[in-house]
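Chains, contacts and geometry: an overview
Below, each chain spelled out in residue letters.
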Amino acid sequence: MAMESADATVHISLVGNPNVGKSTLFNALVGANSRISNYPGITADSVIGEFFGAQQLRIVTDLPGTYSLQLDLPEAQLCHQHLKFDGPLQSQQQNLIIVVIEAVGFPRNFQLLAQLLALGVPMAAVVTKTAEAQLRGYQIQLQALEESLGIPVFEAAEKSAMRTLDVEALIAAARIPTSVPGDPQSIDQWSSDLLAKTSLPVRPEQARRRRRRDDRLDRVLVHPIAGSLLFLLAMIIMFGSVYWMAQVPMEWIDVAFGTVGEWISTSMEDGPLRGLLVDGVIGGISGTMIFLPQILLLFFLISLLEETGYMARAAFVADRWLRPFGLPGQAFVPLLSSHACAIPGILCTRLIPDRRDRLATILVAPFLSCSARLPVYILMVGILAPANPLVAGCVFVGCYLLGALVAVGSAGLVRKTLLTGPSLPMVLELPPYRLPSIGDAARIAIDRGWTFLKNAGSVILLICIALWWLSTYPSTPEGPEIEALRVAAQAHSDPGQSQRLLDQAQSLHLRESARGSYAGQLGRWIEPVLAPIGADWQLSVAILASFAAREVFVSSLNVMVGVNAEEAAASSIARIRKSKRDDGSPLLPPAAAGGLLVFYILAMQCLPTLVVTSREAGGIRWALLQLIWMTSVAWILGVVARQWMMAAGFSG
Amino acid sequence: MNQFPLSDPQFWWVTLLAVAAVVLLIVKRVRQSDDQDQNGSCGGCSAK
Ligand SMILES: Nc1nc2c(ncn2[C@@H]2O[C@H](COP(=O)(O)OP(=O)(O)OP(=O)(O)O)[C@@H](O)[C@H]2O)c(=O)[nH]1
Ligand SMILES: [Mg+2]
C-alpha cells in the first residue's frame, strides 16, 4: 500500500480457522514466541505484536481461530469485534487482513473467507500446509484461487516457509476484494464453484493409504479403554523420563556449583560478604539451577507430543472421564497446559463456551502440577525413595496423578454445589497426524528454559539475598554453654578431641544465631500451624518464602541450612538431606517429606495465579475460594499422609 | 559479638544489598502484574 499518510501505522489482523497456522505466521512476522500447537483453539485471546518494515510501523494482531464470525462462541465474537475495527485505533489507521487458509481441509475455510471478503477491507491470503495437502491427495491451484477471490494469494508450503514469506510484497499487494459472494443462499454455490476451480486431485492411491492409516490410528487412540490406557501410559512415560533422564546432568550442575562455593569459601576471608556470596547467592541460585534439566526435558517432551496431533485424540478420551465430574472436554487442553504453568492454562479457558464449565476449570487448574513444583518433587522423592530409582520414578509420576485426581474431584464438588447445571457437548476437529520436528521442540524447550533461568537470576536471587540477611541478623551473642565448650576445648590436651569440641561449639552457635534471626523468629511463630505436615521452623520459613514464588522453596531452604551448616559448601541437595532440626533429628525424615510433598502438590502458593483467577473468573471471591480451598485441602491431606506414613512405621 | 556488627563495613554492604533486593523485588512484581495480560506470560513461575 503506497498510500502516504501522516500516521503510517498499518494494522494487520491475522484471521482464519483454528489450527491453520496463524500464530506460526505471527511469530515469523514479529519474531515472537507465541504458543503454537497442533490442536485447534490454542490462541484464546488476541495477541498483539509489532515490527518495522518500509519505514512503517506494523501492528499485528493474532486472533483466535474461528469457523465463522457469526457463531455464538467466545472466539467468534472476539474476532467479530476486532474486525469491526472500532475503538480508539480507528482514526487514520490503515487496516489490512491477512486471512490464513489451510490447504488441508480446504473447503472448511470457505465460510469465514466469504464473510471476510464482504468486509471491504484490504486483504491478502496465505495458504498454509500445501505440502501436506498433496500427501492427502489434492493440490491447491493458487493462481486460480487468486483470480476467484480477487485478492493476492501467497503460499507457505511448510512451516519453515513462513519465515521466508515475502511480507513486504504481501502488504504491498493487499487489496480490497472485488469478488464478493452475495447473500447466504448463494454462498453454497460460490463455495462449490471455488472448490471445483481451485482444488485438483493428485496421487489418489497414496492419499487413500494415508487416510486408512490415520483412521486405524484414530480407532485405537480414541477407543474408550485402549485410548485411556494409552493416554495413561503416555503420561507415565513422559513424566517418568523427565525424572530419570535428568538425573545425570543435574548432578553435574550440582557439583559445579559446589566447587565454585568451595573455591570462594577458601579464597575469601570469613565475614558477612562471604556468607552472603556463598550461602545467599550461590546457594540460592544453585537450588534452582539444578532443576534446569528437568524443565528442559518436560517442555521438550510436551511440545513433541503436542505436535504429533495426539492431544486432540487424548481430549476425546479425556472427555469421557471428565464429563461425570462436570468438566467439559474443552477443559482438557487448559488442564494439560497447566502442567507447564497454571496461568496460560487459565487464559486458555476463554474458549470454553459455558460459563459454569469455565469457572470450574479455572478453579481447579492450579491443582495440576506446574513446572515450578518440580524442584520440590525431585527433592522429596529423593528422600522418600533414595535407593530405588524405579520406586522414585513411580512416586514422581504419582505426584502428577494426585494433583490431577484432586483437581477432577474438586471440579465435581464445585459443579454439584456452587455451579450446578449441565455441560455442553464438545465439538473438536481432529487435526492430522504429523511427525514432530525435534528442532522446533528443542527451540521451545530452550525458550522456556531461558525464562526459567532469567527467573532464577532475578526473582529467586533477590529473594535469596533478602532471606539470607533475615536468617543471619540479628546475630545472637554466644551463650554460656558455648563459652563453656570453648573453654573445655582449650583445656583439652588431645588436639583431635579439642577440635571436636570447637566444632560443636561453632555449630551450636550457628544454630542459635539462625533461631534468633528474624527468619528464625518468623519460622518459629508459624511453626505450630505447619508442624502437623512435618515442618520445623526452617521448613516453615521456606514454605512462607515460596508463597512469593513456588520454585524458591529449595533455594531458600538451601540458604537457611547453609547459614547454619557446619560444612561450607556441600552440593545443595545433599546438604539439605543432611541437615538437622534443633533437636538433632533429621530435618526431613520420610514421613515429614511425604506430608510436605502432598502439601506442595496441592497448595495454592502462587500470587500471580490468584490475580489471573480473579480477573478471568470476574471477582476476587473466586480467587479467595481457590486459595482457601486448595490450601486447606493441601494441609489436611498433608497431615493425613504424614500420619499414615508414621503409622506404617516411617519416622516423622 | 554484637547483634548487628555496626562497626563492620561488610555488614553495611550486605544490608545495602538486601534492601536493594527487596526494593527490586517489589518493583518487579508490580511491573509484572501490569504486563501479564497480553500473552499470558506468567510472573511467578518458570513457564509462559
Ligand atoms: N505442515 C505445516 N504445518 C504448519 C504450517 N503452519 C503451521 N503449521 C502447524 O499447524 C499447527 C497449528 O499452528 P498454529 O500457528 O498454532 O495455528 P493457529 O492458527 O494459531 O491455531 P489457533 O490459535 O488454535 O487457532 C502447528 O502444529 C504448526 O506447527 C505449515 O505451513 N505447514
Ligand atoms: Mg494461534
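Throughout, a residue's number is its position along its own chain's written sequence, starting from 1. Naming scheme: in the order in which they are written, chains are lettered from A and ligands are numbered from 1. Local features in a predicted model are, by the rule used here, given only for residues with pLDDT of at least 70; side-chain atom pairs are given and counted only at 80 or more, and totals for whole chains, interfaces and linings are based on all residues. Heavy atoms from the whole structure form the basis of all side-chain values; hydrogens and water molecules are not counted.

1. Here's the deal with the packing of helix α17 (residues 355-364) of chain A against helix α29 (residues 620-647) of chain A
Residues and elements named next belong to chain A. How we decide: To get an axis, fit a line to the C-alpha atoms, keeping to the stretch in contact for a helix; angles then go from 0 to 180 degrees between the N-to-C directions. Helix and strand labels come from DSSP, where a helix needs a run of H or I of at least four residues and a strand needs a run of E of at least two; each type is numbered from the N terminus. An angle below 35 degrees is read as roughly parallel, one above 145 as roughly antiparallel, one from 65 to 115 as roughly perpendicular, and any other as oblique. In this scheme, a crossing is called left-handed if the near helix is turned counterclockwise away from the far one by less than a right angle; it is called right-handed if the turn is clockwise. What makes two residues a contact is simply this: any of their non-hydrogen atoms within 4.5 Å. Here the term charged refers only to Asp, Glu, Lys and Arg, the term nonpolar to Ala, Val, Leu, Ile, Met, Phe, Trp, Tyr, Cys and Pro, and the term polar to all other amino acids, Gly among them.
Close contact between α17 and α29 brings their axes to 9 Å; oriented N to C, the two are set at 45°. Relative to α29, the element α17 lies oblique. As for the relative orientation of α17 and α29, their crossing is right-handed in sense. Here L359, I362 and L363 of α17 lie close against α29, whose contacting residues are W622, L625 and Q626. Grouping the constituent residues of the contact of α17 with α29 by class yields 5 nonpolar, 1 polar and no charged.

2. Focus on the site of ligand 1
All names here are of chain A. Which entries qualify depends on this criterion: Near is defined per residue: the residue qualifies when any heavy atom it owns lies within 4 Å of the molecule or strand. Here a polar contact means two N or O atoms within 3.5 Å. Within protein one must be a hydrogen donor candidate and the other an acceptor candidate, and residues neighboring in sequence count only if both atoms are side-chain atoms.
Taken together, 26 residues surround ligand 1, and among them K22, S23, T24, I42 and T43 come closest. In the model, an oxygen atom of ligand 1 is placed 3.2 Å from a nitrogen or oxygen of the V20 main chain. Take S23: an N or O atom from its side chain is 2.7 Å from an oxygen atom of ligand 1. The element best represented in the shell around ligand 1 is helix α1 (residues 22-30), accounting for 3 residues. Looking at the shell around ligand 1 residue by residue, the class counts come to 9 nonpolar, 10 polar and 7 charged.

3. Notes on the interface of chain A and chain B
Short version of the rule: Summed over both partners, the accessible area lost on bringing two parts together, with a 1.4 Å probe, is the buried area. Should a side-chain nitrogen of Lys or Arg be within 4 Å of a carboxyl oxygen of Asp or Glu, the pair is scored as a salt bridge.
Between chain A and chain B, the contact holds 42 residues from the first and 31 residues from the second. Surface buried jointly by chain A and chain B totals about 3100 Å² across both partners, of which 66% is contributed by carbon and sulfur atoms. In terms of surface lost to chain B, no three residues of chain A exceed L273(A), L462(A) and W469(A), which account for 17% of the buried area on that side. On inspection of chain A and its partner chain B, the count reaches 0 salt bridges. Here chain A is connected to chain B by 2 residue pairs in polar contact (both at pLDDT 80 or more). Of all the secondary-structure elements, those providing two or more residues to the side of chain A that touches chain B are β2 (47-53), α12 (272-289), α13 (292-307), α16 (342-348), α20 (438-472) and α28 (607-617) of chain A. At 13 residues, the largest contribution of residues to the side of chain A that touches chain B is made by α20(A). Residue composition of the side of chain A that touches chain B, grouped by class: 29 nonpolar, 9 polar and 4 charged.

4. Remarks on the nonpolar core
Residues and elements named next belong to chain A. In plain terms, the rule: The set of buried Ala, Val, Leu, Ile, Met, Phe, Trp, Tyr and Cys residues whose side-chain atoms join them within 4.5 Å is what this entry labels a nonpolar core. Buried residues are those whose accessible area, probed at 1.4 Å on protein chains only, stays under 20% of the maximum for their type, while exposed residues exceed 50% and partly exposed ones sit between those limits.
Among the nonpolar cores identified, the biggest contains 116 residues, and F332, M380, F396, I543, F553 and L557 are the most heavily contacted of them. Dropping the residues within four chain positions of it, F553 is found in contact with V376, L379, M380, L539, A542, I543, S546 and Y600. Counting residues in each nonpolar core, the second largest holds 31 residues, with V104, F110, M123 and L145 among its members.

5. Focus: the domain arrangement of chain A
All names here are of chain A. Basically, it comes down to this: Throughout, the edges of the domains are those of an automatic or database domain assignment.
Here chain A is described as being made up of domain 1 (2-206) and domain 2 (226-417). Summarising the inter-unit geometry, the C-alpha centres of domain 1 and domain 2 are found 36 Å apart. Opposite the 14 residues of domain 1 that make contact, domain 2 presents 15 residues. The interface formed by domain 1 and domain 2 holds 1 salt bridge in total. Here K159 and E307 are joined by a salt bridge, their closest N and O atoms 4.0 Å apart. Inspection of the region where domain 1 meets domain 2 yields 0 residue pairs in polar contact (both at pLDDT 80 or more). Here the residues of the side of domain 1 that touches domain 2 sort into 6 nonpolar, 4 polar and 4 charged.

6. Structural notes on the coordination of the magnesium ion (ligand 2)
All names here are of chain A. Applied cut-off: Keep in mind that water is not among the atoms, so a site may look incomplete; donors are the N, O and S atoms within 2.8 Å of the metal, or 3.2 Å for Na, K and Ca.
Distances from the magnesium ion (ligand 2) to its protein donors, S23 (OG) and T43 (OG1), fall within 1.9 to 2.0 Å. Residue S23 is found in helix α1, and its partner T43 is found in the loop between α1 and β2; the two are separated by 20 residues along the sequence. Accessibility assignment for this pair places S23 and T43 in one class, buried.

7. Here we look at the packing of aromatic side chains
Any pair of aromatic rings gets described here by the distance separating the centres and the angle formed by the planes. Here is the rule we go by: Whether two aromatic rings pair depends on their centres lying within 6.5 Å, for rings of Phe, Tyr and Trp, where Trp uses its six-membered ring; planes under 30 degrees apart make the pair stacked, over 60 edge-to-face, and the rest tilted. The rule is short: NZ of Lys or CZ of Arg within 6 Å of the ring centre and within 35 degrees of the ring normal puts a charge over the ring.
Considering all chains together, one arrives at 20 aromatic pairs over all chains under this definition. Seen in terms of ring centroids, F11(B) and W12(B) are 5.6 Å apart; in terms of plane orientation they differ by 75°. Their pairing is edge-to-face. On the basis of relative accessible area, F11(B) is assigned to the buried category, the value being 3%. A relative accessible area of 47% places W12(B) in the partly exposed class. These aromatic residues form a ring-pair network of at least three members: W468(A), W469(A), Y473(A), Y518(A), F4(B), F11(B) and W12(B). Against the face of Y433(A) rests R313(A), its NZ or CZ located 3.9 Å from the ring centre.

8. What to know about a positive patch on the surface
Defined as follows: Think of a patch as exposed residues, more than 30% relative accessible area, with no salt bridge, where like charges cluster within 9 Å and nonpolar side chains (Val, Leu, Ile, Met, Phe, Trp, Tyr) cluster within 5 Å. Note on areas: Shrake-Rupley with a 1.4 Å probe; residue coverage comes only from the protein chains shown. Working convention for charge: Lys and Arg count positive, Asp and Glu count negative, and His plus the chain ends are omitted. Note that the charge is assigned to NZ on lysines, CZ on arginines, CG on aspartates and CD on glutamates.
On the surface, a cluster of positive charge is contributed by R209(A), R212(A), R216(A) and R219(A). In this fold, R212(A) is placed in helix α9 (residues 204-221).

9. Regarding the side chain of S371(A)
Among the structural elements, S371(A) can be located in the loop between α17 and α18 (374-384). From its side chain, S371(A) meets the backbone oxygen of A340(A) in a polar contact 2.9 Å long.

10. Some words on the environment of G412(A)
As for its placement among the helices and strands, G412(A) is situated in helix α19 (residues 389-417). Along the backbone, G412(A) and A647(A) are 235 residues apart, and their C-alpha atoms lie at a distance of 31 Å.

11. Here's the deal with unusual backbone geometry
Residue and element names in this part refer to chain A. In this chain, Y473 is followed by P474 through a cis amide linkage whose omega measures -5°. By the element assignment, P474 lies in the loop between α20 and α21 (480-491). Unlike most non-glycine residues, N19 shows phi in positive territory, near 65°. Along the chain, N19 falls in the loop between β1 (10-16) and α1. Judged by its relative accessible area of 15%, N19 is buried.

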